[in-house]
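If you want the building blocks of each chain, they are given just below.
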Amino acid sequence: MKYIVVTGGVLSGLGKGILASSTGLLLKSCGFSVTAVKIDPYLNCDAGTMNPYQHGEVFVMDDGGEVDLDLGNYERFLDVDMTRDNNITTGKVFRAVIEKERRGDYLGKTVQIIPHITNEIKDQVRRVAGASGASIMIIELGGTVGDIESMPFIEALRQLRQEAGRGNIMFIHTTLVPVVGAVGEQKTKPTQHSVKTLMSLGIHPDVIAARCSIPIEPSTREKISLFCDVPLKAVLSIHDVEFIHEVPMLLEAQGIVPLAEEHLGLQKLKPDLEGWRRYVSALKGTRANVTIALIGKYTHLKDSYISHLKALEHSGVENGVKPKIVWVEATDLEDTRDTSCLSGVHGILVPGGFGVRGSEGKILAIQYAREHGIPYLGICFGMQMAVVEYARNVLGWKDARSGEFDGPSEHVVIDLMPEQGKTDSKGATMRLGAHRVTIKDGTLARKVYGVPEVRERHRHRYEVNPTHVPRLEAAGIVFSGNDGGERMEIMELPDHPFFLATQFHPELRSRPQKASPPFRAFLAAAKRVAE
Ligand code: GLN
């Protein structure tokens, strides 16, 4: 196993994840099988209990792991399915160690950060490496070097270098080069400081990826090389590009592949980014010509909906269109009940969500889509609210609501799943991960997927209440997908140009050149409206 470790300095949010996944993509294009681990030095055991405003969307794996959104980037860039174990958090490591201590596994020893926590970190990394069958592993350490939280991880990675052997591991350190003053001087001091911090912890970076708004100048590069003790060729300029998809090309052009050959003892490699290049030029070539209203609750942080946006991007390329997103804050719509922001849009998307706040705004947008014949795609909460809307406005059940909201009602059309009643604990207790969905013949969903059975990822506690299904069907809803006959997974309205909603999250499996079928079909329908 060869390891590439990506650390970050100066500040967070420099795009380490993109840099790491781009490096992985390049090596994959050389013929290696590549996997990735994201380390998040926070105490949560996983990302599942966090509000999207904390770290953006919670990504879900096939095995039900609720993980950091960077894992979504890895799956999309590397086109591989990963597991919950590919995301290591401090909480996960400490919990494992404390459980071992309680079991008496440490045989009376004093349990300490070094070696017990650091050993556990290395074990978890190696376990994923072994199970993946890959030959190269990218390890991305979240946070910033020097943080108290990341200390045990840095130490574990230092030890890993010793144990794996120097010819099997390469360290890339990402830093920021700010451009300051009237003349726009590129400053290297923050980089110098963060490299010094890293070195004081025993790690000498092999490559420095210098993030900057503009290309790094030769003199800046020389300075970084001199002060940080890395060869000139190992200082890479990671300047702003229009699309993150261009980063693999940026890295290739600056020789990251020969650097990997050198540090990992690899034969001469020949990256082949042809397919990726084609995808990127298609992406860059189309003008925004289809407007999609996204009715969300976390619209101030676009990362909350990153997988939805990516699925739209993938679908846009396959449809030869480019979606322009109109961000609609559900709570605003709820307060004003003014739907003028929706007039003229070519498609309406209600993504996953939680809680009553903003739900009336979403219901209003769904009603608008249904009554105006605008293509509608509902995801999870977006399907649940579509059922509530239909029950209220078509069936006339004015009190219809979801069990997620309070208040008296005869028509709880969306209800807590029976197995959910058994726990009060919030961590990892939803219905999670990939489940089989059977799709009915002759439906829109069947046409969209083209197959009678799919596996899609889930993350929910509520479902369409089975007792109300016959009445909802009699009133016109077609439940075109289900799990085991009882659990409704897809709904559609046959008398509408395109009205499809899923209880699962198809966006989580969407990849470049393999767009998620519901998203692809939704954009195709929106394109028809736009034309
Ligand atoms: N809040 C809803 C539920 O728990 C929907 C969840 C979601 O959209 N991911 O079922």
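Since we're looking at a predicted model, the values are computed, not measured.

What counts and what doesn't
- Residues numbered from 1 in each chain as written.
- Predicted model: local features only at pLDDT ≥ 70, side-chain atom pairs only at ≥ 80, totals over all residues.
- Heavy atoms only, no water.
- Helix = DSSP H or I, 4+ residues; strand = E, 2+ residues; numbered from the N terminus.
- Rg over C-alpha atoms; globule rule 2.2 N^0.38 Å.
- Buried < 20%, exposed > 50% of the residue type's maximum accessible area, 1.4 Å probe, protein only.
- Contact = heavy atoms within 4.5 Å.
- Areas by Shrake-Rupley, 256 points an atom, 1.4 Å probe, with all protein chains shown as cover.
- Phe/Tyr/Trp six-rings, centres within 6.5 Å; stacked < 30°, edge-to-face > 60°.
- Pairing = 2+ DSSP bridges.
- Right-handed = clockwise from strand over helix to strand, strands pointing away.
- Salt bridge = Lys/Arg side-chain N within 4 Å of Asp/Glu carboxyl O.
- Core = buried A, V, L, I, M, F, W, Y, C linked by side-chain atoms within 4.5 Å.
- Expected span 1.5 Å × (residues − 1).
- Near = heavy atom within 4 Å.
- Polar contact = N/O pair within 3.5 Å; in protein donor to acceptor, adjacent residues only side chain to side chain.
- Nonpolar A, V, L, I, M, F, W, Y, C, P; charged D, E, K, R; others polar.
- Axes fitted to C-alpha atoms, helices over the stretch in contact; angles between N-to-C directions.
- Left-handed = near helix turned anticlockwise from the far one by under 90°.

Colleague: Is there a simple way to explain the overall build of the protein in this structure?
Modeller: Each helix and strand in the protein was counted, giving 18 helices and 23 strands. Rg of the C-alpha trace for the protein: 25 Å, near the compact-globule value of 24 Å for 531 residues, within the 12% margin. Principal-axis analysis of the C-alpha atoms places the extent of the protein at approximately 75 × 60 × 45 Å. When burial is assessed residue by residue, the protein has 58% of its 531 residues classed as buried. Contacts spanning at least 24 positions in sequence make up 72% of the contacts within the protein whose residues lie at least 6 apart. Accessible area of the protein: about 21300 Å², with a carbon and sulfur share of 52%.

Colleague: Would you take a moment to explain the packing of aromatic side chains for this structure?
Modeller: Note on aromatic pairs: each is described by the distance of the centres and the angle between the planes. Within the structure shown, the criterion is met by eight aromatic pairs. Judged by centre distance (5.0 Å) and plane angle (45°), the rings of F77 and W276 are tilted. Of this pair, F77 sits in helix α3 (residues 70-78) while W276 sits in helix α11 (residues 274-285); the two residues are 199 residues apart in sequence, bridging distant segments of the chain. The pair formed by F77 and W276 is uniform in burial state, with each residue classed as buried. With 6.3 Å between their ring centres and 70° between their planes, F381 and F405 make a pair best called edge-to-face.

Colleague: What is the right way to look at the pairing of strand β12 (residues 288-296) in this model?
Modeller: Strand residues, when the strand is regular, have side chains that alternate between the two faces of the sheet. Burial analysis of β12 places seven of its nine residues in the buried class, which makes it a mostly covered element. The pairing of β12 with strand β13 (residues 322-329) spans eight bridges and is parallel. Across the sheet, residue V290 finds its bridge partner in β13, namely P323. Between the parallel elements β12 and β13, the chain passes through helix α12 (residues 306-319) in a crossover that is right-handed. Relative to strand β14 (residues 347-350), β12 is paired through three bridges, and the arrangement is parallel. Its bridge partner being in β14, L294 is matched across the sheet by L349.

Colleague: Looking at this structure, I do not really get the pattern of salt bridges. What am I missing?
Modeller: Pairing is possible between side chains of opposite charge, provided their charged atoms come close. Per the counting criterion, the structure on display carries 38 salt bridges. Put simply, E101 and R102 hold a salt bridge, and the shortest N to O gap is 2.7 Å. With a relative accessible area of 31%, E101 lands in the partly exposed category. What makes R102 exposed here is its relative accessible area of 66%.

Colleague: Please clarify how the nonpolar core should be interpreted in this entry.
Modeller: Across soluble globular proteins, nonpolar side chains have a tendency to be buried as a group. Judged by nonpolar contacts, the single largest core of 54 residues is most densely connected at I4, I138, I172 and L251. Take this core: its biggest share by element is six residues, from helix α1 (residues 16-28). With sequence-adjacent residues up to four places away left out, L251 is seen in contact with L19, S22, T23, L26, L236, I238 and I256. In this structure, A365, A369, V464 and M488 belong to the second largest nonpolar core, which totals 42 residues.

Colleague: Looking at this structure, how should I read the side chain of R211?
Modeller: Along the chain, R211 turns up in strand β10 (residues 207-212). Once you skip the residues sitting within four places of it in the chain, R211 turns out to touch L14, T174, T175, L176, V177, I238, H239 and D240.

Colleague: Even after reading the chapter, I still don't get helix α5 (residues 113-132), so can you show me in this structure?
Modeller: Each turn of an α-helix holds 3.6 residues, which means side chains three or four residues apart point in the same direction. If you check α5, its first and last C-alpha atoms are 27 Å apart, about what 20 residues at 1.5 Å a residue would give, namely 28 Å. Buried within α5 we find H116, I117, T118, E120, I121, K122, Q124, V125, V128 and A129. Here the buried face of α5 lies against β1 (2-8), β2 (34-40), β5 (87-89), α4 (90-103), β6 (136-141) and α6 (151-164). Looking one or two residues beyond α5, the residue adopting positive phi is G133, at roughly 70°.

Colleague: What exactly am I supposed to notice about the site of the ligand here?
Modeller: Taken together, the neighbourhood of the ligand is formed by G352, G353, F354, C380, F381, Q384, E404, R459, H460, R461, Y462 and H505. One of the backbone N or O atoms of R461 is found 3.0 Å from an oxygen atom in the ligand. At 3.2 Å, a side-chain N or O of H505 approaches a nitrogen atom of the ligand. In the complex, 98% of the free accessible area of the ligand, which totals 300 Å², lies under the protein chains. Elements supplying a minimum of two residues to the shell around the ligand: α15 (381-393) and β19 (453-460). Partitioning the shell around the ligand into residue classes produces four nonpolar, five polar and three charged.

Colleague: Could you clarify how one ought to interpret the side chain of Q503 in this entry?
Modeller: With respect to the helices and strands, Q503 occurs in the loop between β23 (499-502) and α18 (517-530). A relative accessible area of 0% places Q503 in the buried class. In this view, Q503 contacts C380, M383, Q384, H460, Y462, E463, M488 and E489; residues no more than four positions away in its chain are not counted.

Colleague: So what exactly am I meant to see when it comes to the packing of α4 against α5 here?
Modeller: Any two packed helices are characterised by the angle at which their axes cross and by the distance between the axes. Where α4 meets α5, the axes come as close as 10 Å, and the angle between the chain directions of the two elements is 115°. Helix-helix and strand crossings are classified by hand; for α4 and α5 the assignment is right-handed. Here K92, V93, F94, A96, V97 and K100 of α4 come into contact with α5, specifically with I113, H116, I117, E120, I121 and Q124. Among the residues making up the contact of α4 with α5, the classes are represented as seven nonpolar, two polar and three charged.

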